[in-house]
Amino acid sequence: MDLSKLTIAEARRALDAKEFSSVELTREYLSAIKEKNADIHAYLETWEESALAEANAADDRIAKGSIASLTGIPLAMKDNILIEGRIASAASKMLENYHATYDSTVTVKLKEAGTVFLGRTNMDEFAMGSSTENSAYGPTKNPVDTSRVPGGSSGGSAAAVAGDMAVAALGSDTGGSIRQPASLTGLVGMKPTYGAVSRFGLIAMGSSLDQIGPLTKTVADAKILFEAIRGHDANDSTSLPNREETVRKPKVIGVPRAFFNSGVEKDVLDQFEKKLALLQTAGYELRDIELPTAPYGLAVYYIVMPAEVSTNLGRLDGIRYGHSVQAEQLYDVYAKSRATGFGAETRRRVLVGTFVLSAGYADAYYRKAKAVRAEIRSEFVRSFESGIDAIVTPTTPSPAFTFGSKSDPVAMYAEDVFSVPVNLAGVPAISVPGGTVERDGKKLPIGFQIIAPHRGEETLFTIGEDVEKANG
Amino acid sequence: MSDAVDIKALAKLARLEVSDAEVAKLETEVPGILAFVETIQKVQVSVVATEDSLRNVVRPDDNAYEGGKYTEILLNAAPAREGNRIAVKQVISRKK
């Protein structure tokens, strides 16, 4: 079995044709994990016994012909998505021994489909970061070049798939945490429309921005996984109602050159232009567009997100669950538990969030940021209303970087410059492989980002597959 | 506008103990981040923030689940327990 070529679609075909069983497939992945994970550190924990039991149950279902799209497919789960009874630590010391008390909605859906859960993957603590270097359990390496980061925060999920230790994985994307690692490891990564996938049972970071989504080897696989996890959920008050979308076949692609022309490394831009030319050859019309407020997205994001982080993480205080340091005074239980449970970047964002929400500063920072966010959202909506079917940008300004090279927090934040406006606007986007660039004699992948209107996922898949075809 | 950020006061608001060494580090990092995000002050906002996609959602005011159903599960996650309660330190201490 060649795991490097295996996709969900191909595994589905082979499982249904009885070329191999889900137990055999799961064993292959478990042995690949044994062989590679010590070096790559994609997984924080693997669930050998339960994975084989799930595979066994899936084989029974397949024998009976009761087959869903993901029956018997081995997946990796990011460490911030709850599976009842399993540890979900969000790669934090704060939740090191926290066993989930319920299943997330996506977990329920995957269990109903008969999916096999291989294990939980490493990430930046509470999904805050772009390299996995903020994990309390040590960083994950990029399987393409182990001297480099896999991106983040869903870096473990990306490395598991890129390193052939899972056929696909779930991640979460608050400002680029699925698309950026997909870009840096040569995968497809998708952030759905805000509200398309339930956030119930996802450990919250920035609640107005978070979405769960797939990391896969192909666009077709991303679609399969997205279809399996989407849908309205009464347990998530921001969940969108179910509605059949009729999306017209995309023809016009908007290119916001002024937004990305500066700050992108030259060969990354060259690769991007090559893909654009290929899309034009494939029959798309390219149209230059303006997104004048988008360049402010990053600054808006680094106000709105820490504000929501400081609020969401307020519940972690050593009282109800998680890491707790006992002290004489109640205040000291809070302050000491949080000081020792949270890592440096988490503490930094909690403080920045507290600042931008504090009396005297909230108007200038948080409320102003909300207003600019509305402007950004409106720019996207207006572009799409003017006859543009999709907007494209490079996913990141540069390929995977080496460990420790972005120790200045603001330099690390710049990784997200093209991905955060998407979360702020709530629109869906996908990163597909967009060629390679050479660094230190190594060919490193870069991503091509496609952005669609709200609920326009179908457009992402259509154009994404055309980019794949052009890649050959 | 954010030249001087009182990290210790902020940490107290955030219920976060910070060491002196960390305060020194944060005193350069936090203003650096704030200086970066302050660029949004330059943006002229024309859109009225209606945010029609964000609205309050409430469920019917009835019992969402049977009382006591999750008590054990939730108490098992708590660091300290007394009977069917989570035990916490006294909030108001008597002066000695």
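Moving on to the overall build of chain B. Helix and strand counts for chain B come out as three helices and two strands. For chain B, the succession of helices and strands along the chain, N to C, is α-α-α-β-β. For chain B, the proportion of its 96 residues judged to be buried stands at 23%. For chain B, contacts bridging at least 24 residues in sequence account for 32% of all contacts bridging at least 6. Of the roughly 7,400 Å² of accessible surface on chain B, 51% is carried by carbon and sulfur atoms.

Per the secondary structure count, chain A includes 16 helices and 11 strands. On C-alpha atoms alone, chain A measures out to a radius of gyration of 21 Å, which is about the 23 Å that the 2.2 N^0.38 rule sets for 472 residues. By principal-axis analysis of the C-alpha atoms, chain A measures approximately 65 × 60 × 50 Å. Considering chain A as a whole, with its 472 residues, one finds that 63% of them fall into the buried category.

We now examine a nonpolar patch on the surface. All names here are of chain B. Among the surface-exposed residues, Tyr65, Tyr70, Ile73 and Leu74 lie close enough to one another that they form a single nonpolar patch of about 370 Å² accessible area. One can find tyrosine 70 in the loop between helix 2 (20-37) and helix 3 (71-77). In this structure tyrosine 70 comes out as partly exposed when scored by relative accessible area, which is 32%.

With 14 residues, helix 12 (residues 344-357) of chain A should cover 20 Å at 1.5 Å per step; its first-to-last C-alpha distance of 20 Å lies within 8% of that length. When you tally the buried positions in helix 12 of chain A, you get 12 out of 14 residues, the bulk of the element. Looking only at helix 12 of chain A, the buried set comprises Glu345, Thr346, Arg347, Arg348, Arg349, Val350, Leu351, Val352, Gly353, Thr354, Phe355 and Val356 of chain A. Looking at the buried residues of helix 12 of chain A, the elements they touch are helix 10 (297-312), helix 11 (330-341), helix 13 (363-385) and helix 14 (409-413) of chain A together with helix 1 (7-13) and helix 2 of chain B.

This part is about the confidence of the model for chain B. Within chain B, residue pLDDT values average 86, and 84% of them lie at 70 or more. Here helix 3 of chain B stands out as the element of chain B with the lowest mean pLDDT, 93, in contrast to helix 1 of chain B, whose mean of 96 is the highest.

Quick look at the packing of aromatic side chains now. Residue and element names in this part refer to chain A. Evaluation of the coordinates by the stated rule reveals 15 aromatic pairs over all chains. Centre to centre, the rings of tyrosine 301 and tyrosine 302 are 5.0 Å apart; their planes meet at 80 degrees, and the pair counts as edge-to-face. With respect to burial, tyrosine 301 and tyrosine 302 carry one shared label: buried. An aromatic cluster is present here, built from Phe259, Phe260, Phe272, Phe418 and Phe448 joined pairwise through their rings.

Here the focus is empty space enclosed by the protein. Residues and elements named next belong to chain A. Under the criterion given, the structure shown has four cavities of 30 Å³ or more. In this structure, the largest cavity encloses a volume near 60 Å³. Along the walls of the largest cavity sit Ala127, Met128, Gly129, Thr174, Gly175, Gly176, Ser177, Met205, Tyr301, Tyr302, Arg349 and Asp416, which together make up its complete lining. The residue makeup of the lining of the largest cavity, split by class, is five nonpolar, five polar and two charged.

For side chains bearing opposite charge, pairing can occur when the charged atoms are close. A complete count under the given rule lists 36 salt bridges over all chains for this structure. A salt bridge links arginine 148 of chain A to aspartate 145 of chain A; the shortest N-O distance between them is 3.0 Å. Note on accessibility: arginine 148 of chain A and aspartate 145 of chain A belong to one class, buried. Where glutamate 273 of chain A meets arginine 257 of chain A, a salt bridge forms, and the shortest distance between an N and an O atom there is 2.9 Å. Residue glutamate 273 of chain A is located in helix 9 (residues 266-281), and its partner arginine 257 of chain A is located in helix 8 (residues 257-260); the two are separated by 16 residues in the primary sequence. A residue is classified by how much of its surface remains accessible, and glutamate 273 of chain A, at 28% relative accessible area, is partly exposed. Each of the salt bridges in this network shares a partner with another, and the network as a whole consists of Glu345, Arg348 and Arg349 of chain A together with Lys25 and Glu29 of chain B.

Each partner contributes to the interface: chain B provides 48 residues, whereas chain A provides 53 residues. Across the chain B to chain A interface the summed buried area is about 4,500 Å²; carbon plus sulfur atoms make up 70%. Its largest share of buried area at the contact with chain A, chain B owes to Leu16, Ile40 and Lys89 of chain B, together 14% of the area lost on that side. Inspection of the chain B/chain A interface yields three salt bridges.

Bringing the layout of surface pockets into the picture now. By volume, the largest pocket is sized at about 1,300 Å³. Taken together, 38 residues make up the lining of the largest pocket; nearest its centre are Thr101, Tyr102, Phe200, Gly201 and Asn235 of chain A. The element best represented in the lining of the largest pocket is helix 3 of chain B, accounting for three residues. Residues belonging to the lining of the largest pocket are distributed by class as follows: 22 nonpolar, seven polar and nine charged.

As a further point, take the side chain of threonine 238 of chain A. All names here are of chain A. In this structure, threonine 238 sits in the loop between helix 7 (219-229) and strand 7 (252-255). A polar side-chain atom of threonine 238 sits 3.2 Å from a polar atom in the side chain of tyrosine 194. A polar atom in the side chain of threonine 238 sits 2.8 Å from the side chain of aspartate 236. When neighbours within four sequence positions are excluded, threonine 238 is seen to be in contact with Tyr194, Gly195 and Arg199.

This part is about the pairing of strand 10 (residues 429-439) of chain A. All names here are of chain A. Relative to strand 10, strand 5 (residues 188-191) is paired through three bridges, and the arrangement is antiparallel. Residue pairing in the sheet places methionine 190 in a bridge with isoleucine 430 of strand 10. Taken together, the nine bridges between strand 10 and strand 11 (residues 442-451) define a ladder with antiparallel strand orientation. Opposite isoleucine 430, over in strand 11, you have isoleucine 450 as the bridge partner.

Right, let's get into the sheet that holds strand 1 (residues 43-46) of chain A. All names here are of chain A. A sheet is described by the order of its strands in space; here 11 strands give the open sequence 1-3-2-4-6-5-10-11-9-7-8, paired in mixed fashion. In the strand order of this sheet, the two ends are held by strand 1 and strand 8 (285-288), each with one partner. Strand after strand, the sheet turns through a mean of 30 degrees between neighbouring axes, direction not considered.

Scoring rules and cut-offs
Residues numbered from 1 in each chain as written. Chains lettered and ligands numbered in written order. Predicted model: local features only at pLDDT ≥ 70, side-chain atom pairs only at ≥ 80, totals over all residues. Heavy atoms only, no water. Helix = DSSP H or I, 4+ residues; strand = E, 2+ residues; numbered from the N terminus. Buried < 20%, exposed > 50% of the residue type's maximum accessible area, 1.4 Å probe, protein only. Contact = heavy atoms within 4.5 Å. Areas by Shrake-Rupley, 256 points an atom, 1.4 Å probe, with all protein chains shown as cover. Rg over C-alpha atoms; globule rule 2.2 N^0.38 Å. Patch = residues over 30% accessible without salt bridge, like charges linked within 9 Å, V, L, I, M, F, W, Y side chains within 5 Å. Salt bridge = Lys/Arg side-chain N within 4 Å of Asp/Glu carboxyl O. Expected span 1.5 Å × (residues − 1). pLDDT = per-residue confidence, 0-100. Phe/Tyr/Trp six-rings, centres within 6.5 Å; stacked < 30°, edge-to-face > 60°. 1 Å grid on protein atoms, 1.4 Å probe; cavity = no way out; pocket = protein on both sides within 12 Å on 5 of 7 lines; lining within 4 Å. Points joined across faces, edges and corners; volume = space filled by probe spheres on them. Nonpolar A, V, L, I, M, F, W, Y, C, P; charged D, E, K, R; others polar. Buried area = accessible area lost by both parts, 1.4 Å probe. Polar contact = N/O pair within 3.5 Å; in protein donor to acceptor, adjacent residues only side chain to side chain. Pairing = 2+ DSSP bridges. Axes fitted to C-alpha atoms, helices over the stretch in contact; angles between N-to-C directions.

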